[in-house]
Amino acid sequence: LGLVARLAALCRALRRREAEGDEAGWVQAREEAEAARRELREVVRPLREPGYREALRRKAERARKRRLRLQRRKQEAKAAKEEEAARAAEREAKIDQWRAKCIQEVEEKNRERELKAAADSVLSEVRKKQADTKRMVDVLRALEKLRKLRKEAAGRKGVCPPPSADEAFENQVESLKTLLKNRTELYEAEERALRVMLEGEQEEERKREMEKKQKKEREKLLQQKLEIDSKLFGDPDEFPLAHLLQPFREYYLQAEHSVAALIQIRHEWDQYLVPADHPEGSCIPPGWVLPSLPTNDTWATAVR
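The shown structure was predicted, so the numbers you read here are calculated from the model rather than taken from an experiment.

Cut-offs used in this document
- Residues numbered from 1 in each chain as written.
- Predicted model: local features only at pLDDT ≥ 70, side-chain atom pairs only at ≥ 80, totals over all residues.
- Heavy atoms only, no water.
- Helix = DSSP H or I, 4+ residues; strand = E, 2+ residues; numbered from the N terminus.
- Rg over C-alpha atoms; globule rule 2.2 N^0.38 Å.
- Buried < 20%, exposed > 50% of the residue type's maximum accessible area, 1.4 Å probe, protein only.
- Contact = heavy atoms within 4.5 Å.
- Areas by Shrake-Rupley, 256 points an atom, 1.4 Å probe, with all protein chains shown as cover.
- Lys, Arg positive; Asp, Glu negative; His and termini not counted.
- Charge placed at Lys NZ, Arg CZ, Asp CG, Glu CD.
- Salt bridge = Lys/Arg side-chain N within 4 Å of Asp/Glu carboxyl O.
- Expected span 1.5 Å × (residues − 1).
- Patch = residues over 30% accessible without salt bridge, like charges linked within 9 Å, V, L, I, M, F, W, Y side chains within 5 Å.
- Core = buried A, V, L, I, M, F, W, Y, C linked by side-chain atoms within 4.5 Å.
- UniProt positions renumbered as here; feature names shortened; annotations may be inferred.
- Phe/Tyr/Trp six-rings, centres within 6.5 Å; stacked < 30°, edge-to-face > 60°.

1. What about the overall build of the protein?
Working step 1: Scanning the protein for helices and strands turns up seven helices and zero strands.
Working step 2: Secondary structure elements of the protein occur, N-terminal to C-terminal, as α-α-α-α-α-α-α.
Working step 3: Expected size for 304 residues packed as a compact globule is a radius of gyration near 19 Å; at 53 Å, the protein overshoots this value by more than 25%.
Working step 4: By principal-axis analysis of the C-alpha atoms, the protein measures approximately 180 × 85 × 40 Å.
Working step 5: In the protein, which comprises 304 residues, the proportion classed as buried is 10%.
Working step 6: Of the contacts formed within the protein by residues at least 6 apart in sequence, a portion of 56% connects residues at least 24 apart.
Working step 7: A total of about 26100 Å² of accessible surface is found on the protein, and carbon and sulfur atoms cover 56% of it.
Working step 8: Taking the average location of the 67 positive side-chain charges in the protein and that of its 59 negative ones, the two points are 6 Å from each other.

2. Observations regarding the pattern of salt bridges
Working step 1: One pass over the structure, following the stated rule, counts 13 salt bridges.
Working step 2: In this structure, Arg-64 engages Glu-61 in a salt bridge whose closest nitrogen and oxygen atoms are separated by 2.4 Å. Residue Arg-64 and its partner Glu-61 are both found in helix H3 (residues 52–156); the two are separated by three residues, about one turn of the helix.
Working step 3: With a relative accessible area of 35%, Arg-64 lands in the partly exposed category.
Working step 4: Across the salt bridge formed by Glu-203 and Arg-206, the nearest N and O atoms sit 2.6 Å from each other. One end of the pair, Glu-203, and the other, Arg-206, are both in helix H4 (residues 163–233), three residues apart, so they sit about a helical turn from each other.
Working step 5: Overall, the relative accessible area of 41% leaves Glu-203 in the partly exposed class.
Working step 6: Linked by salt bridges that have partners in common, Glu-83, Glu-84, Arg-87 and Arg-91 make up one network.

3. With respect to helix H1 (residues 2–20)
Working step 1: The first and last C-alpha atoms of H1 sit 27 Å apart over 19 residues, in line with the 27 Å expected at 1.5 Å per residue.
Working step 2: Phi for Gly-21, located one or two positions after H1, is positive at around 80°.

4. Considering a nonpolar patch on the surface
Working step 1: Taken together, the side chains of Phe-248, Tyr-251, Tyr-252, Trp-288 and Leu-290 present a nonpolar region at the surface, about 560 Å² in accessible area.
Working step 2: Mapped onto the elements of the fold, Trp-288 is located in the loop between helix H6 (259–270) and helix H7 (297–303).
Working step 3: Residue classification places Trp-288 among the partly exposed residues on the basis of a relative accessible area of 44%.

5. Some remarks on the nonpolar core
Working step 1: The biggest cluster of nonpolar side chains holds eight residues, and these are Leu-3, Leu-7, Leu-10, Leu-14, Ala-29, Ala-33, Ala-36 and Leu-40.
Working step 2: Put simply, the parts of the chain that give this core at least two residues each are H1 and helix H2 (23–44).
Working step 3: Among residues more than four places away in sequence, those in contact with Leu-3 are Glu-39, Leu-40 and Val-43.
Working step 4: Membership of the second largest hydrophobic core comes to six residues, among which are Ala-119, Leu-123, Val-126 and Tyr-187.

6. Notes on the UniProt feature "coiled-coil region" (unreviewed entry) in the protein
Working step 1: Taking the numbering used here, the UniProt-annotated feature "coiled-coil region" (unreviewed entry) corresponds to residues 53–101 and 199–227.
Working step 2: Annotation note: span residues 53–101, helix share 100%, strand share 0%, distance between end C-alpha atoms 70 Å.
Working step 3: The annotated region residues 199–227 carries 100% helix and 0% strand content, and the separation between its end C-alpha atoms amounts to 41 Å.

7. Some thoughts on the packing of aromatic side chains
Aromatic ring pairs are described here by two measures, namely the spacing of the ring centres and the angle between the planes.
Working step 1: For the coordinates displayed, the defined rule picks out one aromatic pair.
Working step 2: On the basis of an interplanar angle of 80° and a centroid distance of 5.1 Å, the ring pair of Tyr-251 and Tyr-252 is categorised as edge-to-face.

8. Points about a positive patch on the surface
Working step 1: Among the surface-exposed residues, Lys-101, Lys-109, Arg-113, Lys-212, Lys-215, Lys-216 and Arg-218 lie close enough to one another that they form a single positively charged patch.
Working step 2: Those elements that place two or more of their residues in the positive patch are H3 and H4.
Working step 3: Among the elements that take part in the positive patch, H4 stands out by supplying four residues, more than any other.
Working step 4: Within the fold, Arg-218 resides in helix H4.

9. Quick word on the environment of Leu-140
Working step 1: Along the polypeptide, Leu-140 turns up in helix H3.
Working step 2: Given the relative accessible area of 7%, Leu-140 is considered buried.
Working step 3: Spatially, the C-alpha atom of Leu-140 lies 8.1 Å from that of Lys-177, the residues being 37 residues apart in sequence.
Working step 4: Sequence-distant contacts of Leu-140, defined by excluding residues within four places in its chain, comprise Val-173, Leu-176, Lys-177 and Leu-180.

Following this line, the structure appears as structure tokens:
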């Protein structure tokens, strides 16, 4: 295209020189135009060869396919990178969830341990107070016994204390007994309250352990059900909705979505109910009847 534009400009220059009568300039412009024309013929000559257009088309097709291949690889690499990023984000989310769960469990255990330690400390303090009260009661009884012995010894010697002294001593002892009795009842009430609290915490702990155990059992049963469904109907993650097994899945699982279908299926099953010892039949199995493993390589190939 550059040569054609140059040749057109030289032609215009030739006409202008001819119109002006400039013979020398016209000759120079004519020589340049001839040179450009010969160069243009050399460029155009391969285009007139028989197989050049086909070779050029093949070359262009190869270039187009190469561009498409590079674009496809770029898109695949981008998709793989995005998928890897999604998987990494999912892994990070699961790790964060697991870490949060572990932290929560540790915090709960620490709280329970601290609460139990505090309750044990308070209970130990209450028991210590009860022991002190009991010791004071024992001391008071020993004091009464000691006074009685001293009174008897003084009586044998002919010395008798006045009645007012006995009354004052008895009043003081009764006052101390009443005080110690109230303290004992108070400490027993505190001990009962602490024991009730500890028993409540233990009951909550047993309940949480039972819930965890039931949750594990439910997850285990759900996993078994998924495995059985996968063996019977295929893995739903591997088969899209338009897969050839989808009608069979919808047929065999219709009772889970329709009460009328459930009633109809139960009615059809009930027609074949027989006792366990019936010679011509057997009971309906409680669950799915799983297919047996292939007995030879040909069957295994067909199953795969």
